[in-house]
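Below, each chain spelled out in residue letters.
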There are 2 protein chains.
Amino acid sequence: MTEDPAAPPPAPSCTPTLPGFTCGLDATLRVISGKWKPLILYFLAQGGPTRYGELRRAVRDVSDKMLIQQLKELEADGLVKRTDYREIPPRVDYSLTPLGVSLAQALVPLCTWGTENMAEVTRVFAMRARWAAGKE
Amino acid sequence: MTEDPAAPPPAPSCTPTLPGFTCGLDATLRVISGKWKPLILYFLAQGGPTRYGELRRAVRDVSDKMLIQQLKELEADGLVKRTDYREIPPRVDYSLTPLGVSLAQALVPLCTWGTENMAEVTRVFAMRARWAAGKE
DNA sequence: ACAAGTATGCACCTTTTGGTAAGTGACTGA
DNA sequence: TCAGTCACTTACCAAAAGGTGCATACTTGT
């Protein structure tokens, strides 16, 4: 038999039989990795179509270069849609595509996990930072 | 009331009111970002406790340095447990902690999303690669 | 006339991340 | 005795990611 009666916890059902990516998880992570992408997705999922300047102010501390870059990648990945109104003081807004919306939904458990285990994660990162500082 | 009747799609419920991390999603992503971490999590979730050498062979193309490094970070983050049997040809194995197991579960939707949308993602990445190659 | 805001582009630099190759010490099999 | 295995460690280097700051063309407000 292949299954124990005392089945182990429901493992991540990756399917590592694909070209280029080792599994679905790998593919997904490549699409959302980028310092500001989670935040962008977050704001777009919450706020609907958002103008560039608004995003800029919402995602604190992001520079123009970075924000534009990440938006372009998200757009190229088919997760966000850019709408240029071709007005004369430029007006552009960004929103999630259906694909983007579905990804945002898949991200919910991760948000939840992060929030629930924030204490642990924060503690651990504080330790890492102190350790890294001591190394120099 | 705070909710529209025509509610927008269930957005990622980040809670951006925390120190250090902008939201739960942010925290989670920092913990799993790293070229080999998803794979490691994947194998540990599937296979239970795994010896170093086995992992090394399972996660193809990973170098010792990288594998050790990522394992150390995962251990420091409380996601995997390292067991050293202190035997004389060294014997060590790695397994998921309860926290690691819970994270693995939270990753399932991402795996699924990646698998379902693999076609899109693959296509888009192929385009990116071609574009990058043309740039040089 | 001049500053500020609009959405971006570009050049340059630093930081972070990943990769290669070698070495460690105690052991085992040929 | 000599190569190979075990689980690592270290030094060094390349590539990728991220950051700073300036420039654009046009408009609005002072």
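Each remark here, short or long, concerns the structure printed above.
Analysis parameters
- Position numbers for residues start from 1 in each chain and track the written sequence from start to end.
- Each chain takes a letter, starting from A, and each ligand takes a number, starting from 1, following the order in which they are written.
- For this predicted model, a pLDDT threshold of at least 70 governs which residues receive local features, and a threshold of 80 or more governs which side-chain atom pairs are given and counted, while totals over whole chains, interfaces and linings are taken from all residues.
- Each residue receives a C-beta atom placed from its backbone. It is near a molecule or strand if this atom lies within 6 Å of it.
- Helix numbers and strand numbers start at the N terminus; a helix is a DSSP run of H or I with at least 4 residues, a strand a run of E with at least 2.
- Residues are grouped as follows: Ala, Val, Leu, Ile, Met, Phe, Trp, Tyr, Cys and Pro are nonpolar; Asp, Glu, Lys and Arg are charged; all remaining types, including Gly, are polar.
- Note on burial: count the other C-beta atoms lying within 10 Å of the residue's C-beta; 20 or more is buried, 12 or fewer is exposed, in between is partly exposed, and C-beta positions come from the backbone.
- Two strands are counted as paired when DSSP detects at least two bridges linking them.
- Throughout, a pair of residues is in contact if the C-beta atoms placed from their backbones lie within 7 Å.
- As a rule, the C-alpha atoms of each element are fitted with a line to give its axis, helices using only the stretch in contact, and angles between N-to-C directions run from 0 to 180 degrees.

Trainee: What am I meant to see in the protein's contact with DNA strand D here?
Mentor: Taken together, 18 residues lie around DNA strand D, and A:Lys35, B:Gly53, B:Asp64, B:Pro90 and B:Val92 are the ones closest in. Listed by contribution, the elements that provide at least two residues to the surface near DNA strand D are helix H4 (64-76) of chain A together with helix H3 (52-58) and helix H4 (64-76) of chain B. When the residues that make up the surface near DNA strand D are grouped by side-chain class, the tally is eight nonpolar, three polar and seven charged.

Trainee: Quick question: what am I supposed to make of helix H2 (residues 37-47) of chain A here?
Mentor: Structural remark: α-helix, 3.6 residues per turn; residues separated by three or four positions point the same way. Most of H2(A) is tucked away: eight of the eleven residues are buried. Of all the positions in H2(A), only A:Lys37, A:Pro38, A:Leu39, A:Ile40, A:Leu41, A:Tyr42, A:Leu44 and A:Ala45 are classed as buried.

Trainee: Sorry, what's going on with the pairing of strand E3 (residues 92-96) of chain B here?
Mentor: If a strand is regular, its side chains alternate between the two faces of the sheet. Residues and elements named next belong to chain B. Note: strand E1 (residues 50-51) against E3, two bridges, orientation antiparallel. When the sheet's bridge partners are listed, arginine 51 is paired in E3 with aspartate 93. Of the pairings in the sheet, the one linking strand E2 (residues 80-84) to E3 comprises five bridges and is antiparallel in character. Its bridge partner lying in E3, valine 80 is registered against leucine 96.

Trainee: Looking at this model, I keep getting lost on the interface of chain B and chain A. Mind explaining?
Mentor: As a measure of interface size, the accessible area lost when the parts come together is often cited. In this complex, chain B contributes 56 residues to the contact, which on the side of chain A involves 56 residues. At the level of elements, helix H1 (24-32), helix H2 (37-47), helix H5 (98-116) and helix H6 (118-135) of chain B are the ones that each hand at least two residues to the side of chain B that touches chain A. Top contributing element to the side of chain B that touches chain A by residue count: H5(B), with 16 residues. Considering only residue class, the side of chain B that touches chain A consists of 35 nonpolar, 17 polar and four charged.

Trainee: Explain the sheet that holds E3(B) here, please?
Mentor: Within a sheet, neighbouring strands are paired by backbone hydrogen bonds and run either parallel or antiparallel to one another. Residue and element names in this part refer to chain B. Strands sit in the order E1-E3-E2 across an open sheet of three strands; the sheet is antiparallel. Pairing within the sheet leaves two strands with one partner each, and these edge strands are E1 and E2. Most of the contacts of H2 go to E3, to which it runs at about 90°, and overall it touches E1, E2 and E3.

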